[in-house]
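Chain by chain, the residues run as shown.
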Amino acid sequence: MKHRADIDGLRAIAVLPITFFHAGIPGFAGGFVGVDIFFVISGFLITGILVRDLEAGRFSYSDFYERRLRRIFPALIVMLAASLVAAYFLILPSEARSFGKSVIGAIVFIANIVFYREAGYFDDSAEEKPLLHTWSLGVEEQFYIVFPIILFVLMKYLPRYRGAAMMGLAAVSLGLCVALTPRNPDAAFYLIPTRAWELLAGSLLALGYGPRIAQGPVREGVALGGLALILASIFLFGSDMAFPGYVAIAPVLGSALVIGYAQGTLVERVLSIKPFVFVGLISYSLYLWHWPIIVFGNKASTGEAGIGIAIVYVAVSLIAGYLSYRFVETPFRNRSRFTRPWIFAGSLASAGTLLALTGAGLSVDLGQRQFSRQMIMFDRAREDVSPHRVRCHPSSGLAAPEDACVLGDATATTAVWGDSHGVELAYALYRQGHAIRSMTYSSCPPMIDAEVEDVPDCAAHNRLVLNYLLNRPDIKNIVIAAYFPSVLNRPDVAAGMRTSVRRLLAAKRHVFIVAPTPHERFGDLPRRLVRNGDFSIPKWQYETRNSEIIAFLDQLKKEGATILWPADYLCARGQCPATIEGRPVLFDSHHTSQYAADFLAKRFASVIWRDDAGASQSTPAQEGPGHIATN
């Protein structure tokens, strides 16, 4: 296949937005679609090579995987080795096992499965995973284990049905992607059945299944339209969208149009300019290095990342990408310098060495020896969550409100309604001796008449909950908890919460709303404590940072709701400590730890049940304050 400079340029259009997006450069909220562009390019180029070899009767798996190893493995191994060194000094004990699994997953190309299985509240946040980006390599290599066999069978035995079969496979994969994204977004994002259609889009182009368009205005328009779809996806998409789903069609179709019809057009000339081609040539190495540089850089930093550090991350990533391309990728592609036996043996030896080092690191608790006992205690706050979080806190699907978890006996007269911010509070209130009906739902603020795009069942869940509460006069007390930045970020969600509160108040329910804790949105609190030690923030800083939220809550107070202010109990003499008796008040960047929730619940209880002496009593589990769940 003749080398196409415009495809190098398209690689640049893919990798630069990814890098900018991850670094935090404003304006590239949809930069993550660069991976989808890479999938289409990969399907087109690799299928072209396979077809050429199959038609010439010289295809062999050993040749194919030798090329894949030369292209993929050396740069990957070097990046992984450097990441292991950085991890020894920078990752926290609680992150060690997850990091070790991600190294193993990257080496054997199952990182996408590893990250899918880890997805959830107990997993480290995406920003803390240095090897998260290797999920896409797993998808590609899993595809190329099966695809050559399918293509061989179709070309040799079913040539008349080759196109129909390939289109059918792509259609099934796309259908699964669209159907699964709202129901199980993690599976749709990470797994090969819902991503294969993107690679198959490129394969269909390589096989010639696209309308022929002669040079001229129509071809120019089609190529420009493809580029416009790509750019629109980069600049208009956002991480709050349900992705991949049907919206992924835009960058995939745009990439296919550019690959299929850019030759001989203005788009080809633009993409072929030297800076784009240069970045395209180093795009694989740049992709490999940019994310570990950003994650480890953030782990080493003691302050909040800004535009300055984001630019530094991009510059360092470009330098690392070039050095990797120049001194790792390029030499290993030289067949006279590195023969096939050397490539296979070297790949096996290097992979085995990294696996052994990773296993040894896990066996001695990689990252723990350089931390003091207090630092380790801070880090363990990540596990300081409700033991009922998994059982009582759904993230998808719909369940009848009457089937919601009841902590205590079934005659609970108090309900906690909210997103994940209500989970630890519900358990803490139960431990104060009151039965609690826990009605939380992941990333779903308690409101009606508004949709949350990436939580498709949120609106229906909230309608069911509100109707249930309105039809249960025995449930007198409603405690509302939410991550308020996500509420006020959208006027319709804020209005929906206001409507929910008004309707509950009109039905003579006692409504209590939990305000934000002082340290929310200042970064991962346990990590910050490990790196900087214990600290406090001025109460005025909390009030200034949350002024819009405080004003919103004051409005609801005027309408009759009672506001529970954590700062009234967590702050003293104008200062808000990050810990209570040495325990962090948050288990991440904005969720109250169970220890802090217990501390607050003792204070909130006298407010919530002051007029409810006959509230249902329940004997809590015999656990001391600050019990840390180990499940």
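Above this text sits the structure in question.
Since the structure is predicted, the reported quantities are computational estimates derived from the model, not experimental observations.

Caption draft 1: Region of the structure containing the overall build of the protein. Per the secondary structure count, the protein includes 27 helices and ten strands. For the protein, the C-alpha radius of gyration of 27 Å lies close to 25 Å, the compact-globule estimate for 631 residues. Seen through its principal axes, the protein has C-alpha atoms that stretch 85 × 55 × 45 Å. Across the 631 residues of the protein, 55% fall into the buried class. Nonlocal contacts in the protein, meaning residues at least 24 apart in sequence, comprise 80% of its contacts between residues at least 6 apart. Summed over all atoms, the accessible surface of the protein reaches about 26400 Å², with 61% contributed by carbon and sulfur.

Caption draft 2: Spatial organisation of the side chain of Thr440. Along the chain, Thr440 falls in strand β3 (residues 436-440). A polar contact is formed between the side chain of Thr440 and the side chain of His393, at a distance of 2.7 Å. Non-local contacts of Thr440, meaning those with residues more than four positions away in its chain, are made with Cys392, His393, Pro394, Val416, Gly418, Asp419, Gly422 and Val423.

Caption draft 3: The packing of helix α3 (residues 61-90) against helix α6 (residues 135-157), seen in detail. The contact between α3 and α6 brings their axes to 12 Å, and the two run at 175°. Judged by the angle between their axes, α3 and α6 are roughly antiparallel. Residue-level contacts link Tyr61, Phe64, Tyr65, Arg68, Ile72 and Leu76 of α3 to Leu137, Glu140, Glu141, Tyr144, Ile145, Pro148 and Ile149 of α6. Taken together, the residues that form the contact of α3 with α6 break down as ten nonpolar, no polar and three charged.

Caption draft 4: How the structure looks around the packing of aromatic side chains. In total, this model carries 27 aromatic pairs according to the counting rule given. Ring geometry for Trp135 and Tyr190: centres 5.9 Å apart, planes at 90°, overall edge-to-face. Of this pair, Trp135 sits in helix α6 while Tyr190 is found in helix α8 (residues 185-190), placing the two residues 55 residues apart along the sequence. Judged by its relative accessible area of 6%, Trp135 is buried. With a centroid separation of 5.1 Å and 80° between ring planes, the pair formed by Phe143 and Tyr144 is classed as edge-to-face. Owing to a relative accessible area of 7%, Phe143 belongs among the buried residues under this scheme. Here the aromatic residues Phe59, Tyr61, Phe64, Tyr65, Phe143, Tyr144 and Phe147 are joined through ring pairs into a cluster of three or more. We note Lys156 situated over the ring of Tyr157; from NZ or CZ to the ring centre the distance is 5.7 Å.

Caption draft 5: Representation of the packing of helix α5 (residues 111-118) against α6 within the structure. Between α5 and α6, the least distance of the axes is 6 Å, while the angle of their chain directions is 125°. Classified by the angle between their axes, α5 and α6 sit oblique to one another. The segment α5 lies against α6, with Ala111, Asn112, Ile113 and Phe115 engaging Trp135, Gly138, Val139 and Gln142. Of the residues belonging to the contact of α5 with α6, the class tally is five nonpolar, three polar and no charged.

Caption draft 6: Structural context of unusual backbone geometry. Here the residue pair Phe243 and Pro244 is connected by a cis peptide bond, since its omega of 10° sits within 30 degrees of zero. Tracing the sequence through the fold places Pro244 in the loop between α10 (217-236) and α11 (249-261). Here Ser443, not a glycine, exhibits a phi torsion of approximately 55°, which is positive. Relative to the helices and strands, Ser443 is located in the loop between β3 and α20 (458-470). Backbone geometry places Glu581, a non-glycine residue, at a positive phi of 50°. The topology assignment puts Glu581 in the loop between β9 (579-580) and β10 (583-584).

The rules behind these values
Residues numbered from 1 in each chain as written. Predicted model: local features only at pLDDT ≥ 70, side-chain atom pairs only at ≥ 80, totals over all residues. Heavy atoms only, no water. Helix = DSSP H or I, 4+ residues; strand = E, 2+ residues; numbered from the N terminus. Rg over C-alpha atoms; globule rule 2.2 N^0.38 Å. Buried < 20%, exposed > 50% of the residue type's maximum accessible area, 1.4 Å probe, protein only. Contact = heavy atoms within 4.5 Å. Areas by Shrake-Rupley, 256 points an atom, 1.4 Å probe, with all protein chains shown as cover. Polar contact = N/O pair within 3.5 Å; in protein donor to acceptor, adjacent residues only side chain to side chain. Axes fitted to C-alpha atoms, helices over the stretch in contact; angles between N-to-C directions. Parallel < 35°, antiparallel > 145°, perpendicular 65-115°, else oblique. Nonpolar A, V, L, I, M, F, W, Y, C, P; charged D, E, K, R; others polar. Phe/Tyr/Trp six-rings, centres within 6.5 Å; stacked < 30°, edge-to-face > 60°. Lys NZ or Arg CZ within 6 Å of the ring centre and 35° of its normal.

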